[in-house]
Amino acid sequence: MGPRAVPRLLLVLLDCWASVSAQAGTTPVVTTEGLNSTKPVPTTLRSVISSKPPEIPRASRPFSGPRPAPVTDVAALCVCDLSPAQCDVNCCCDPDCSSVDFSVFSACSIPVVTGDSHFCSQKAAVYSLNFTADPPQRVFKLVDQINPSIFCVHITNYKPALSFINPEVTDESSFDKLMKAPDGFSLNAESDVSTRLDAPQTAKYEYGVPLQTSDSFLRFPSPLTSSLCTDNNPAAFLVNQAVKCTRRINLEHCEEMETLSMAYYSSPKILRVPGSGIEVPIMVQSIVIRSLNKTLTRLEDTEILRVSKQGVVEAGHIKICTNVVLEVMYSLTYTDTGEVIKADLFLLLGAVSSAMVPLQQKFEIYFIQQNAKPVPLSGNPGYVVGLPLVAGFQPQKGSGIIQTTNRYGQLTLLRSTTEQDCLAAEGIRAPVLFGYNMQSGCKLRLTKALTCRLVAQKMKSLLKGQGFPDYVAPFGNSQAQDVLDWVPVYFITQTSHVKDSCQLPVALTVEVKWTKYGSLLNPQAKIVNVTARLISSSFPETNSGNERTILISTAVTFVDVSAPAEAGFRARPTINARLPFNFFFPFV
């Protein structure tokens, strides 16, 4: 080796030293089977000569922030340690196991213990057994495990997220504060609770929001987990409810139960809007008293104020509690701006004996919008005899049914008058009422001055009216948007062709077929078919100077097409079992 080779040897040694120092700057990695490991990139001679620092592999480059200290010590974590102060079989991380116990293990049930799998790099405790040793020994390694996913957590700058936060313990002082929060309970940090309490409350009620009172909220007893009444259930805005629940009462102490008294339901004062100081009192509109024999007596307005509290009376050996609230019905009136302006209360009080315990109570609440007129129906759901048929027309395909505001003018016929003059009775119509067969007519005088075509158009308009419907509702409460449920009106024109004659419509007959729908105990009338026939007749041309009088008539007929109810019975079961051929051996 000459003197020229000495500098080259020094450069090689410097290269090795630079490679070792580059690896020493990264996190030490212990390579084990089944675990990901990073391999250092060897530096070249050019990197030593140049002034640039050696390039660090991308997987081990230091990031812009410090790595957080591990919250969980995986070396002390053992998920298979189930028995306290006792060694669990094949649990290599159990601190209660000794070297003697490890020597009889067949395998490690939990070979790798890690923390949060979402971190890009974390510590992992690896457990294995060395069966080549005598006796077998447990092998423990603490390595750095790299998460190969590109979606991983590298730096955690929010330390409370690494562990469960101890919830705030609710006591008497903090309970009222949590109840006044707009979104209900909030067990977050104190800053979050203060932010919610300081938020401005809405100036109107919204759907589902509990109705607030001067002290808390309007209570609406309801059954929750059982049939027993739960009194802390709040009444929600625009949520109509009707429930039944039971109460366990002691007749001797029924005077002490406030949920049985009328004042419990009439004393709260509802706030007009949430958080306001305007109160709406609950006004008792009606009180009905029910006796033990189920007779009902409605109190007059002057007697409502004299209703006493529930009390116990004795009738022989039987104790009876009187003036007990049996049914409660709230009627709340609201505006379109979400304000409660009126609250009415209807009560059913009665006497309760020991035979009626446990007591069943009924509670109902419904909401009515101010200045809103209810839509009159012809039945709910089936038609009621004497009410008008619900009809309309569809202007275009895909649209809903258009109806006139006058429910008695949706399907009409001619109305007979004393003069029997069709021209004088023009525009006077009679509504078609369900279940009522009707016939009417008038007379029309024809002269030579009137052409056949003009007379035919006039007579057709007299028979059909201003707007003859295209559809009829099957039920009395059918919705206009449910077009597929409506029954189309089949319009048929009948003519008789005679040479040199004038075809004039003279009659309109409407046939309505209906059936009984639903239960036999309470059948509902349903319209299934409507057919309108326009009948025309042939008339000779009017001679000069002569007049002709034509009789025009309209009629409607209701036909019951209900099929008779037949009792159905299941067929008797038959036994198709076959006995073995030697079943009666040795007798046969």
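Each remark here, short or long, concerns the structure printed above.
These numbers were taken from a predicted model, which means no experiment stands behind them.

Describing the sheet that holds strand β19 (residues 487–494)
Spatial ordering of the open sheet is given by β14-β18-β19-β21-β20-β22-β17, a layout of seven strands whose pairing is mixed. Strand pairing shows two members of the sheet lacking a second neighbour, β14 (391–392) and β17 (438–446), which therefore form its edges. Judged from the eight bridges that link them, strand β20 (residues 501–517) and strand β22 (residues 548–560) form a sheet pairing that is parallel. Each residue of the ladder has a partner; that of Thr-509, found in β22, is Ala-555. On the sheet, helix α8 (residues 452–464) packs against β17, β19, β20, β21 (524–540) and β22 and is oriented at approximately 20° with respect to β20.

Details of the nonpolar core
Tyr-383, Leu-389, Leu-504 and Ile-527 are the most contacted members of the largest nonpolar core, which has 44 residues in total. If you tally residues by element for this core, the top one is β20, at eight residues. Apart from the residues within four sequence positions on either side, Leu-504 is in contact with Leu-446, Cys-452, Val-455, Ala-456, Met-459, Ile-535, Ser-536, Ser-537, Phe-539 and Ile-550. If you look at the next biggest cluster of nonpolar residues, it comprises 31 residues, including Leu-218, Tyr-265, Ile-282 and Ala-343.

Observations regarding the sheet that holds strand β1 (residues 112–114)
One open sheet holds the three strands; their spatial order is β1-β2-β3, and the pairing between them is antiparallel. The open sheet is flanked by β1 and β3 (137–146), the only strands paired with a single partner. The sheet shows a mean angle of 20° between the axes of neighbouring strands, direction not considered. When strand β2 (residues 121–130) meets β3, the two strands line up antiparallel, connected through ten bridges. From the neighbouring strand, Lys-123 faces β3, where its bridge partner is Asp-144.

Reading guide: rules and limits
The written sequence of each chain sets the order in which its residues are numbered from 1. A pLDDT threshold of at least 70 governs which residues receive local features in this predicted model, and a stricter bar of 80 or more applies before side-chain atom pairs are shown or counted, although totals over entire chains, interfaces and linings include all residues. Excluded from the side-chain calculation are hydrogens and water; included are all heavy atoms of the structure. The pairing criterion for strands is at least two bridges between them, as found by DSSP. In DSSP terms, a helix is any run of H or I states spanning at least four residues, a strand is any run of E spanning at least two, and both are numbered starting from the N terminus. Should any heavy atoms of two residues lie within 4.5 Å, those residues are counted as being in contact. Every axis in this analysis is a line fitted to C-alpha atoms, fitted for helices over the stretch in contact. Angles between the N-to-C directions lie between 0 and 180 degrees. Nine residue types can take part in a nonpolar core, namely buried Ala, Val, Leu, Ile, Met, Phe, Trp, Tyr and Cys, and a core is a set of them joined through side-chain atoms within 4.5 Å. Relative accessible area decides the class of each residue, using a 1.4 Å probe on protein chains only: under 20% of the type maximum gives buried, over 50% gives exposed, and in between gives partly exposed.

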